[in-house]
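Given next are the chains, with one letter for each unit.
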Amino acid sequence: MIIEKIAESKFNDSVFDSKVFGKNFTDHMLVAKYKDGKWDEPKIMPYGALEFTPAAMAFHYGQAIFEGMKAYKNENDEVFIFRPDRNFERFNLSAERLNMPTVPEEIFMEGIQTIVDLDRQWVPKNYGTSLYIRPTMFATEEAISARSSNEFMFVVLLAYAPAYYDKPLSVKIADFYSRSAQGGVGFAKCAGNYAASFYPTQEAQKDGYDQVIWTDSIEHKYIEEAGTMNVMVRIGDKLLTAPTSERILNGVTRDSLLTLAKDSGMDVEIRPVAVQEMYDAYKDGQLKEVFGCGTAVVVNSYNAVGFAEERAPIEILSDEESFASILKGKLRDIQYGLVEDPYGWRVKVGK
Ligand SMILES: *Cc1c(COP(=O)(O)O)cnc(C)c1O
C-alpha cells in the first residue's frame with residue numbers, strides 16, 4: 001500500500017462540535033484502481049477531488065455501490081470498527097450483482113484498518129459520536145456504451161459522525177411506489193436504489209410524512225424496509241421483522257439487534273409482516289412500536305404510520321419501556337466498549 005501523508009493535518013477539536021453528518025472528511029482517503037482485469041496497489045493520499053471525464057461510465061449506466069460502517073474510540077483511546085467483515089461481504093455481494101469486480105480482502109479490510117489508524121485522531125470519544133467509514137466503488141471507463149465498464153475505482157472516505165438526535169419521524173406505507181423488485185437489486189447497496197427512492201419520499205413528504213415504509217412490489221401487502229433502513233414492528237410484546245430477501249437489504253444493525261433481542265429473552269419473530277396485521281393491531285391498541293434501524297442512526301422510532309389515507313399516531317414509549325431504546329442501548333454499549341462483547345463484533349484498529 002502506498003501512503004502519501006498530508007503535509008499538515010486539517011484536524012482541530014472544533015470538528016467535533018459540528019452537527020453535520022457526512023461533510024467533515026478526514027485528512028486522508030484510500031484509492032485503488034481496477035484496470036485490465038486487476039487491481040493496482042491501493043494508495044492512501046490526502047482527501048480531495050479526483051479527476052474523471054464526463055464519459056465515466058458510472059454517470060451514464062450507474063455501476064456504483066457503497067458501504068457504511070463506523071469506528072468508535074473507548075476511554076483508553078483504543079479504536080474499534082463494528083463488524084467490518086459483514087460490510088466487506090456485503091460490498092462484494094453488491095459488486096457481483098452490479099457486474100463489478102470484487103475487492104480483495106487485502107485492499108478492503110487492510111486498507112480500512114490502515115486509513116482509520118492513520119486518521120485515528122478523527123475518531124471521537126463521546127457517546128453517540130463516531131467516525132463514519134464510507135467505502136465506494138464506481139465505473140470509471142471513458143465510454144458512452146451501454147455495457148459493463150472495464151475500469152473501476154474503489155475509494156474509502158472517512159467523515160466525522162456527530163451524535164444523531166433521533167427525533168421520532170412519521171412514515172407512510174407505500175401503496176404505489178416500490179424501492180425494489182423481485183429479481184432486482186434491492187439487496188445490493190447500489191446508488192440507483194437511493195436515486196429511485198427520492199421522488200416517492202418527496203411525495204410522502206407532501207402528504208405530511210417524513211419517510212416511506214416500502215412494501216412488496218407485487219401486492220403492497222407486506223412491509224419490507226423504512227426509508228433507507230430495515231424496519232421492525234412491535235405488536236403487543238412481540239418483535240417482528242421481515243426475513244431478508246433479494247428485495248430487502250441484509251442490515252448489520254438489523255442482525256445485531258435481532259441477536260441482542262433473542263439473547264435478552266425477547267419474543268422475536270422473523271416472518272413476513274402484513275400491513276393488514278399492523279393495521280388490525282393498531283385498531284386493537286397493540287401496535288406499540290415501529291422503528292427503522294441502520295448504521296447511521298442505530299434506531300429511529302416512528303410516531304405516526306400512514307395507512308392509505310389514515311394517519312395512525314403511535315405513542316413514543318419511555319426509554320425503559322421501548323424495545324427500540326432498550327436494544328439501541330445494548331448495541332451502543334458494545335460499540336463504545338462499555339460492556340463485554342461476547343459476539344466478537346468489535347475489531348480493533350492498530351496495535
Ligand atoms: C444500508 C441499508 C440498510 C441498513 O444496513 P446497516 O448495515 O444496518 O447499516 C438497510 N436498508 C437499506 C436499503 C440500506 O441501504
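Above this text is the structure in question.
Notes on the structure in this doc start here. Because the structure is predicted, anything quoted here is derived from the model rather than measured.

### Here's the deal with the overall build of the chain
Within the chain, the regular secondary structure consists of seven helices and 20 strands. Against the globule reference of 20 Å for 351 residues, the chain gives a C-alpha radius of gyration of 21 Å, in line with a compact fold. Dimensions along the principal axes, computed over C-alpha positions, put the chain at roughly 60 × 50 × 35 Å. Per-residue burial for the chain yields a buried fraction of 51% across its 351 residues. In the chain, the share of contacts with a sequence separation of at least 24, taken over all contacts with a separation of at least 6, comes to 71%. Total accessible area on the chain is roughly 16100 Å²; 49% of this is exposed by carbon and sulfur atoms.

### Brief notes about the pairing of strand β18 (residues 298-307)
Most of β18 is tucked away: nine of the ten residues are buried. Strand direction decides the pairing type here: strand β10 (residues 169-173) and β18, joined by four bridges, are parallel. Residue pairing in the sheet places valine 171 in a bridge with valine 305 of β18. Sheet topology places strand β17 (residues 287-294) next to β18; four bridges connect them, and they run antiparallel. Counterpart to cysteine 293 in the pairing with β18 is valine 299. Between β17 and β18, which pair antiparallel in sequence order, lie three residues. Bridge count for β18 against strand β19 (residues 310-313) is four bridges, and the pairing is antiparallel. Along β19, the bridge assignment pairs alanine 304 with proline 313.

### Notes on the site of the ligand
Around the ligand sit 14 residues, and of these Lys189, Tyr194, Glu225, Thr253 and Thr295 come closest. Take lysine 189: an N or O atom from its side chain is 2.8 Å from an oxygen atom of the ligand. Between the ligand and threonine 253, the relevant distance is 2.6 Å, taken from an oxygen atom to a side-chain nitrogen or oxygen of the residue. The fraction of the free accessible surface of the ligand (380 Å²) that becomes covered by protein chains is 96%. For the shell around the ligand, the secondary structure elements donating two or more residues are β13 (229-235) and α5 (252-263). Here the residues of the shell around the ligand sort into four nonpolar, six polar and four charged.

### With respect to unusual backbone geometry
Of note in the backbone geometry, aspartate 36 takes a positive phi value of approximately 50° without being a glycine. Residue placement: aspartate 36 occurs in the loop between β2 (28-35) and β3 (38-39). Positive phi, normally seen in glycine, also occurs at asparagine 99, with a value near 60°. If you trace the backbone, asparagine 99 turns up in the loop between α2 (84-97) and α3 (105-118). Looking at asparagine 99, the relative accessible area reads 53%, which means it is exposed.

### Describing empty space enclosed by the protein
To find leftover empty space, one rolls a probe the size of a water molecule over the atoms. Within this structure, the stated rule accounts for one cavity of 30 Å³ or more. Of the pockets and cavities examined, the largest cavity occupies roughly 80 Å³. As for the largest cavity, its lining consists of 13 residues, and the residues nearest its centre are Lys70, Gly128, Ala296, Val298 and Arg332. Elements with a minimum of two residues in the lining of the largest cavity: β6 (69-73) and α7 (323-335). Lining the lining of the largest cavity are residues from two domains, each supplying at least three of them: domain 1 (2-163) and domain 2 (169-334).

### A look at the layout of surface pockets
By volume, the second largest pocket is sized at about 270 Å³. If you trace the second largest pocket, you find 17 residues lining it, with Asp166, Ser301, Ile316, Asp319 and Ser325 closest to the centre. Every element with two or more residues in the lining of the second largest pocket is listed here: β17, β18 and α7. Of the residues contributing to the lining of the second largest pocket, the split by class is eight nonpolar, three polar and six charged.

### Some words on the pattern of salt bridges
Applying the stated criterion across every chain yields a total of 21 salt bridges. Note that lysine 43 and glutamate 4 form a salt bridge whose closest N and O atoms lie 3.2 Å from each other. With lysine 43 in strand β4 (residues 43-46) and glutamate 4 in the loop between β1 (2-3) and β2, this residue pair connects regions lying 39 residues apart in the sequence. Linking arginine 90 and glutamate 67 is a salt bridge whose minimum nitrogen-to-oxygen distance equals 2.8 Å. Here arginine 90, found in helix α2, pairs with glutamate 67, found in the loop between β5 (64-66) and β6; they are 23 residues apart in sequence, far enough to count as distant. Each of Lys238, Asp267, Glu269, Arg271 and Glu277 takes part in one network of salt bridges that share partners.

### What to know about the packing of α2 against α3
Packing of α2 against α3 leaves a shortest axis separation of 11 Å and a crossing angle of 145°. For α2 against α3, the interelement crossing comes out right-handed. For the pair formed by α2 and α3, the contact residues are Pro84, Asp85, Asn87, Phe88 and Phe91 on the first element and Glu105, Phe108 and Met109 on the second. When its residues are assigned to classes, the contact of α2 with α3 shows five nonpolar, one polar and two charged.

Scoring rules and cut-offs
- Residues numbered from 1 in each chain as written.
- Predicted model: local features only at pLDDT ≥ 70, side-chain atom pairs only at ≥ 80, totals over all residues.
- Heavy atoms only, no water.
- Helix = DSSP H or I, 4+ residues; strand = E, 2+ residues; numbered from the N terminus.
- Rg over C-alpha atoms; globule rule 2.2 N^0.38 Å.
- Buried < 20%, exposed > 50% of the residue type's maximum accessible area, 1.4 Å probe, protein only.
- Contact = heavy atoms within 4.5 Å.
- Areas by Shrake-Rupley, 256 points an atom, 1.4 Å probe, with all protein chains shown as cover.
- Pairing = 2+ DSSP bridges.
- Near = heavy atom within 4 Å.
- Polar contact = N/O pair within 3.5 Å; in protein donor to acceptor, adjacent residues only side chain to side chain.
- Nonpolar A, V, L, I, M, F, W, Y, C, P; charged D, E, K, R; others polar.
- 1 Å grid on protein atoms, 1.4 Å probe; cavity = no way out; pocket = protein on both sides within 12 Å on 5 of 7 lines; lining within 4 Å.
- Points joined across faces, edges and corners; volume = space filled by probe spheres on them.
- Domains from an automatic or database assignment.
- Salt bridge = Lys/Arg side-chain N within 4 Å of Asp/Glu carboxyl O.
- Axes fitted to C-alpha atoms, helices over the stretch in contact; angles between N-to-C directions.
- Left-handed = near helix turned anticlockwise from the far one by under 90°.

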